[in-house]
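Observations on the three-dimensional arrangement
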Amino acid sequence: MRHTKKITLSGVKRVDTKYTQFIAKEEMGLLDFVMKKLSGISRTKAKSILTNGGVLVEHKVETHFDFQVKPDMIVEISKHPGGQSRSFDYTPYFDIVYEDDDLIVVDKADEVLSVGVGHNSLNMKDLLDMYFVDTRQRCNAHVVHRLDARTTGLMMYAKSVEVQQLLTADWRKTIIDRRYVAVVEGEMEQDEGHIKSWLKDTESMKIFSSRTNNGGKWSWTDWRLLQKKDGLSLIELHLHTGRKNQIRVHMSVIHHPIVGDFKYGAQMNGAIRMCLHAFRLAFYHPRTHEEMRFETPFPSYFLGFFK
């Protein structure tokens, strides 16, 4: 996952979009279609265009090389991959992991909010709305769940209020699995454990944890040790509840704050980011009820501590 500097939405670079439209006459793989229509283009260049979102099929970005183009499908191709293929360059801020007519799953970068706070803040909802306009989709992004701005990883947004309601009506039954990876200060003495507590907002904008009911919300986090070295530990975390700042507070409670999380007690100097990443998201599709599972690699920055 790439590291980003703080920036407002007004700083997102906008570029010209130039697509050439084709009507498919026969069935073939999308990679072969691109190479055929852009006569003389190399296979490597065609793959680059696809990978970087330079191809729209029926007005939606399609990146799979083996996607089967059917007769009469509308295919639009830009010769300039990456940021040049859209009216804004969102690649530093999120990657698209999965998309269909109902929802989109993204891998969010550091320092990007889930939704806007204040005027012109850099946030996923606005970025996705811009992406939908550029890919000629008549929809908006609707929040299903959130990640802290400094937490990276997998998020899901609905493309309609109806789908949003289907996903959130019974969140516990919709979500199959949510896993995070974190680097925490101190070497864990046990291989696994769990933290259960009530979490309550305070006037100082910090979350307070209590073993007894303090009027807050019940929370439960499981953790498992993956590796430890030189006063740090790499751990996997499983959320049973999804409370605000839950993992960050729970790690602080057991005196192993997340590296870079100075709000909740981190002490290690020199961290370039908060080391918390949502690497797994599994859920039942709101329409098909199919089990959907997605994972992203652990950030290389995290693994670098343990080489």
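Each chain carries its own residue numbering, running from 1 in the direction its sequence is written. Local features are withheld for residues below a pLDDT of 70 in this predicted model, meaning they are given only at 70 or higher, and side-chain atom pairs are given and counted only at 80 or more; totals for whole chains, interfaces and linings count all residues. As a rule here, side-chain values cover all heavy atoms of the structure and leave hydrogens and water aside.

1. Topic: the packing of aromatic side chains
Put simply, the rule is: Pairs were defined over the aromatic rings of Phe, Tyr and Trp, the Trp ring being its six-membered one, requiring ring centres within 6.5 Å. Orientation was assigned from the angle between planes: stacked under 30 degrees, edge-to-face over 60, tilted for the rest. Helix and strand labels come from DSSP, where a helix needs a run of H or I of at least four residues and a strand needs a run of E of at least two; each type is numbered from the N terminus. Burial classes follow relative accessibility: with a 1.4 Å probe on protein chains only, a residue under 20% of its type's maximum area counts as buried, one over 50% as exposed, and anything between as partly exposed.
Using the criterion set out here, one finds seven aromatic pairs in the structure. The interplanar angle of 40° and the centroid separation of 5.3 Å between the aromatic rings of Tyr98 and Phe294 together place this pair among those described as tilted. Placement of Tyr98 in strand β7 (residues 94-99) and of Phe294 in strand β17 (residues 291-295) is noted, with a sequence separation of 196 residues between them. Relative accessible area serves as the criterion here: at 12%, Phe294 is assigned to the buried category. With a centroid separation of 6.1 Å and an interplanar angle of 35°, the aromatic rings of Phe283 and Phe294 are classed as tilted. Here Phe283 is found in strand β16 (residues 276-284), whereas its partner Phe294 is found in strand β17, with 11 residues between them in sequence. Since its relative accessible area comes to 0%, Phe283 is described here as buried.

2. Side note on the nonpolar core
Worth spelling out the cut-off: Think of a nonpolar core as a cluster: buried Ala, Val, Leu, Ile, Met, Phe, Trp, Tyr and Cys residues, connected wherever their side-chain atoms sit within 4.5 Å. Should any heavy atoms of two residues lie within 4.5 Å, those residues are counted as being in contact.
Ranked by internal contacts, the top residues of the largest apolar core, which has 49 residues, are Phe94, Leu128, Ile235, Leu237, Met251 and Ile258. Where this core is concerned, the elements lending two or more residues are β8 (103-108), α3 (124-134), β10 (152-158), β11 (175-185), β14 (217-229), β15 (232-239), α6 (246-253) and β16. Discounting residues that sit within four places of it in the chain, Ile258 has contacts with Ala182, Val183, Val184, Ile247, Arg248, Met251, Ala266, Met274, Cys275 and Leu276. Within the second largest apolar cluster, 18 residues are counted, among which are Ala24, Met28, Val57 and Ile77.

3. Here's the deal with the confidence of the model for the chain
Our working rule: Per-residue confidence from the predictor is reported as pLDDT, a score between 0 and 100.
With 90% of its residues at a pLDDT of at least 70, the chain reaches an overall mean of 87. Considering only residues more than four positions removed or in separate chains, one finds that residues 1-7, a stretch of pLDDT under 50, has 28 contacts.

4. Digging into the side chain of Asp177
Rules: We define a polar contact as two N or O atoms separated by no more than 3.5 Å, with the added condition that, inside protein, one atom must be a possible hydrogen donor and the other a possible acceptor, whereas residues neighbouring each other in sequence contribute only through side-chain atom pairs.
On the secondary structure map, Asp177 appears in strand β11. Within the structure, Asp177 has its side chain in polar contact with the side chain of Arg179 (distance 2.7 Å).

5. Focus: the pattern of salt bridges
Our working definition: We define a salt bridge as a contact between a side-chain nitrogen of Lys or Arg and a carboxyl oxygen of Asp or Glu at a distance within 4 Å.
Within the structure shown, the criterion is met by 19 salt bridges. Arg287 is the partner of Asp102 in a salt bridge, and the nearest nitrogen-oxygen pair spans 3.1 Å. Of this pair, Asp102 sits in the loop between β7 and β8 while Arg287 sits in the loop between β16 and β17, and the two are 185 residues apart along the sequence. Take Asp102: its relative accessible area is 14%, and that puts it in the buried class. Here Arg287 falls in the partly exposed class, since its relative accessible area comes to 38%. Lys244 serves as the salt-bridge partner of Asp201, at 3.8 Å between the closest nitrogen and oxygen. Here the residue Asp201 occupies a position in strand β12 (residues 192-201), and Lys244 occupies one in the loop between β15 and α6, the gap between them amounting to 43 residues. One salt-bridge network, held together by shared partners, links Asp177, Arg179, Arg224, Glu236, Arg280 and Glu295.

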